Amino acid sequence: MVNATWVGSPNYEPGRRGQTIDHITLHIMAGYLAGTDATFLNPATKTSSTYGIGATGAIHQYVSESDTAWSDADWLSNATGISIEHEGGLNSNRCTRACMDASARLCADIARRMGWPRLVHDGLNGNVYLHREIPGTDHTTCPDLAPNGLDYQYVINQANKILAGNGGGEETEVVTQNDINKIAEAVWQYKTHGTQARDRLTGIDNAANGANNQLRSIMGNLKKVINMLLRTDSNASGMLGIDGKPNRADLWTRIDWMDKRIRALIPNPGNKRPDKTAEMHLTDETIDRIADKVIAKLKLETRK
């Protein structure tokens, strides 16, 4: 068994009412291990858990697995489950990796002793329950939805790796080389806007090969681009003066003007017309066309 420090809570029911253990219930303390110890040692609280795990990975045991802890707010779940509390669940107190790794080892140890080949969370249909899923509980964020809550899927995945005999490493490979070849071929042949991925990748590769040759030219033309953006003699901004003639303005004035025009085109979120907002979303094809035009214009300007 995994090593646990016996604390011993007075809050439990001897035996299991004739029930068989069929699941683990995961909890979050919304606090610290020391506070949980104090709560479970107080008979007036009438609450307990089978185990509790601290931020350092220390495991405390409050109730024997052969007895029933008072943890799940449901007598049947209590009688058929082993409950594990985890330190964390507060804005100021996160559930640590050490805590979750210790939980994975404990869960795997329980699973082996119970004869479960794998741990599965599927609501109340698997062998791992979340406290918030149990009927009758008012702990609606336990264990995963609380601030800095428990990453229960990480715990389950790590436990299953241990059960698979990999000690927390990778599970046995189930994807064959033939599967990999099929996936690779499907990606290679996949079409986007009528163009196969292989053609796009080939184009990217060719562009990369020519990048070094173009870099010096680009750097040489950078000054021209900057001068183009900062000049005040452009008539192409679309801005008109009070005389109706094109207004000459510096870059920052143009950006401010364009920003105001763009904002005027965006539908007001308060007008409750999400359908109109959705119509303004650009397709990949449109974005490609815009990008192509911008690049063409930039190339044209840098040649001047």
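Right, let's walk through the structure included here. This structure is a prediction, so every number in the text was calculated from the model and none was measured.

What follows deals with helix 4 (residues 152–163). Taking 1.5 Å as the rise per residue, helix 4 with 12 residues should run 16 Å; its terminal C-alpha atoms sit 16 Å apart, in good agreement. On its buried face, helix 4 sits against strand 3 (23–26), helix 3 (97–114) and strand 8 (128–130). Looking one or two places after helix 4, you find Gly 165, whose phi comes out positive at around 90°.

Let us now look at the pattern of salt bridges. It is possible for side chains bearing opposite charge to pair when their charged atoms get close. Per the stated rule, a full pass over the model turns up four salt bridges. Residue Asp 109 pairs with Arg 113 through a salt bridge whose shortest N-O separation is 3.0 Å. Remark: Arg 113 and Asp 109 occur in helix 3; sequence separation between them is four residues, near one turn of the helix. Relative accessible area serves as the criterion here: at 34%, Arg 113 is assigned to the partly exposed category. Among the ionic pairs, Asp 144 bridges to Arg 132, the shortest N-O distance being 2.8 Å. On the criterion of sequence distance, the pair formed by Asp 144 in the loop between strand 8 and helix 4 and Arg 132 in the loop between strand 8 and helix 4 is long-range, its members being 12 residues apart. You can call Arg 132 partly exposed: its relative accessible area is 29%. Through salt bridges that share partners, Glu 65, Asp 109 and Arg 113 make up one connected network.

Rules and cut-offs
Residues numbered from 1 in each chain as written. Predicted model: local features only at pLDDT ≥ 70, side-chain atom pairs only at ≥ 80, totals over all residues. Heavy atoms only, no water. Helix = DSSP H or I, 4+ residues; strand = E, 2+ residues; numbered from the N terminus. Expected span 1.5 Å × (residues − 1). Contact = heavy atoms within 4.5 Å. Salt bridge = Lys/Arg side-chain N within 4 Å of Asp/Glu carboxyl O. Buried < 20%, exposed > 50% of the residue type's maximum accessible area, 1.4 Å probe, protein only.

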